[in-house]
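Chains, contacts and geometry: an overview
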Amino acid sequence: MTFLMLLLILISLACIVAGQLLLKRAMESTVDRGFRQRTFGFYISAGTATMAVSYFLNLGLLQQLDLSYLYPFQGLTVIFISAAAAILLREKLTPMLIVGSLLITAGVVLVSVS
Amino acid sequence: MSASQLTGLRNPWLQVAISTLSVAISELFQKRGAVATIHISEAWGWTGLTTLASPLVWLGMLFTIVSFITWLYAIKHLPLSVAFPASQAVHVLVPLSSWLILGERIVPLRWCGIALVLCGLALVARPVAELEEKL
């Protein structure tokens, strides 16, 4: 487990978060303007490409690390996505939502390590 | 249009459920397909490409596509901070169906994790129920 591995794991997680935010933006743009417009095309391709990067980074990491080591990091995406949605998309986080997300994260980590 | 006005198949919550269920189903098909194609080639097995010989893997891909499209529809109408945690139900569905359908074993610690995810899902679902009532 080197610093480089940790960095790659973080980049992979960041790509998942960025990908979901971009997909969300893409779909939001269709509410008023439909699918045949530039904004949708840009965000949907950027989102899909970012998700693809995280997918292949993950496969590469799997060649080096055990699945049981790598997988628990996936649980962290819930926290990062909720935080990013609150900050960048101005979504409202209720205390209930925060506690629920933390429980899900803890649960996913437990399911993955066991 | 608010999420609660979309009924029937257009209900975004139903689409989150279909998306999550599709991920779980595709995992099961892919696992079955991957196991069924182990014998084909030892040299190429690591690429994952030999699994394409199994129709189950293709069926799995179909469900992956369904999950992606239904997910896009869902996040068009729902906040990401609610929809994404809800989609993590897949971490309950996959171990449970591996246990029931594939006959894999679940260790006690994993049962605890499943219980925690379920508690979290219940909490995440509650603000949603309140939100829908207000509308």
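Nothing here was measured: the structure is a model prediction, and the numbers come from that model. (Residues numbered from 1 in each chain as written. Chains lettered and ligands numbered in written order. Predicted model: local features only at pLDDT ≥ 70, side-chain atom pairs only at ≥ 80, totals over all residues.)

Some points on the overall build of chain A
The condition that has to hold: Strands here mean DSSP runs of E at least two residues long; helices mean DSSP runs of H or I at least four residues long; both are numbered from the N terminus. Exposure classification rests on a simple neighbour count of other C-beta atoms within 10 Å of a residue's own: a residue reaching 20 or more is buried, one at 12 or fewer is exposed, and one in between is partly exposed. C-beta atoms are placed from the backbone. C-beta atoms are first placed from the backbone for all residues, and any pair lying within 7 Å is then listed as a contact.
On a plain count of helices and strands, chain A comes out with five helices and zero strands. Along chain A, helices and strands appear, N-terminal first, in the series α-α-α-α-α. Projected onto its principal axes, the C-alpha positions of chain A cover 45 × 35 × 20 Å. When each of the 114 residues of chain A is scored for burial, the buried share is 33%. Taking the contacts inside chain A whose residues are at least 6 apart along the sequence as the reference set, 75% of them involve residues at least 24 apart.

What to know about the overall build of chain B
The secondary structure content of chain B amounts to five helices and zero strands. Along chain B, helices and strands appear, N-terminal first, in the series α-α-α-α-α. If you line up chain B on its principal axes, its C-alpha atoms span 60 × 35 × 20 Å. Burial analysis of chain B (135 residues in total) assigns 36% to the buried set. Counting contacts in chain B only where the partners sit at least 6 residues apart, residues at least 24 apart contribute 73% of the total.

So, the interface of chain B and chain A
Rule in force here: Classification convention: Asp, Glu, Lys, Arg as charged; Ala, Val, Leu, Ile, Met, Phe, Trp, Tyr, Cys, Pro as nonpolar; all other residues, Gly among them, as polar.
Between chain B and chain A, the residue contacts involve 27 residues of the former and 29 residues of the latter. Elements with a contribution of two residues or more to the side of chain B that touches chain A: α2 (55-77), α3 (80-87), α4 (90-100) and α5 (108-134) of chain B. With 14 residues, the top contributor of residues to the side of chain B that touches chain A is α5 of chain B. Grouping the amino acids of the side of chain B that touches chain A by side-chain chemistry returns 19 nonpolar, five polar and three charged.

Here we look at unusual backbone geometry
In this model, R90 of chain A sits at a positive phi of 55°, which is unusual for a non-glycine residue. With 8 C-beta atoms packed within 10 Å, R90 of chain A lands in the exposed category.

Describing the environment of L28 of chain B
Residues and elements named next belong to chain B. If you trace the backbone, L28 turns up in helix α1 (residues 12-36). C-beta crowding within 10 Å serves as the criterion here: with 19 such atoms nearby, L28 is assigned to the partly exposed category. When the C-alpha atoms of L28 and V94 are compared, they prove to be 7.8 Å apart, with 66 residues separating the residues in sequence. Among all residues touching L28, those that are not within four sequence positions of it are S97 and I101.

A short note on the confidence of the model for chain B
Residues and elements named next belong to chain B. Rules: Confidence scores per residue from the predictor, reported as pLDDT, run from 0 to 100.
Overall, the prediction assigns chain B a mean pLDDT of 86, with 90% of residues at 70 or greater. Ranking the elements of chain B by mean pLDDT puts α5 last with 82 and α2 first with 94. Across the predicted assembly, pTM comes out at 0.86 and ipTM at 0.87.

Comments concerning the nonpolar core
Inclusion rule: By convention the nonpolar core is taken to be a set of buried residues drawn from Ala, Val, Leu, Ile, Met, Phe, Trp, Tyr and Cys and joined through C-beta atoms within 7 Å.
Judged by nonpolar contacts, the single largest core of 40 residues is most densely connected at I81 of chain A together with A74, I75, A83, A86 and V117 of chain B. At the level of elements, α1 (3-33), α4 (72-88) and α5 (95-113) of chain A together with α2, α3 and α5 of chain B are the ones that each hand at least two residues to this core. Per element, the largest residue contribution to this core is nine residues, and it comes from α1 of chain A. When residues no more than four places from it in sequence are discounted, the contact partners of I75 of chain B are L23, K24 and M27 of chain A together with L80 and A83 of chain B. Residues V23, A24, F29 and V57 of chain B belong to the second largest nonpolar core, which totals six residues.

Brief notes about the packing of α1 of chain A against helix α2 (residues 38-64) of chain A
Residues and elements named next belong to chain A. The cut-off we apply is this: The convention used is that axes are lines fitted to C-alpha atoms, helices contributing only their stretch in contact, and that angles between N-to-C directions extend from 0 to 180 degrees. Angles are sorted into four bins: roughly parallel if under 35 degrees, roughly antiparallel if over 145, roughly perpendicular if 65 to 115, and oblique for all others. Helix crossings get a hand from a simple test, with the near helix turned counterclockwise from the far one by less than a right angle marking a left-handed crossing and a clockwise turn marking a right-handed one.
Orientation of α1 relative to α2, taken along the N-to-C sense of each, is 155°, at an axis distance of 8 Å. Here α1 is positioned roughly antiparallel relative to α2, judged by the angle of their axes. Remark: the crossing between α1 and α2 carries left-handed chirality. Among the residues forming the contact of α1 with α2, the class breakdown is 18 nonpolar, 10 polar and one charged.

Looking at the environment of L89 of chain A
Within the secondary structure, L89 of chain A is located in the loop between α4 and α5. Of the residues examined, L89 of chain A has 14 C-beta atoms within 10 Å and is grouped as partly exposed. As for L89 of chain A and G47 of chain A, which are separated by 42 residues in sequence, their C-alpha atoms are 15 Å apart. Not counting residues within four places of it along the chain, the set of residues in contact with L89 of chain A comprises L21 and K24 of chain A together with L80 of chain B.

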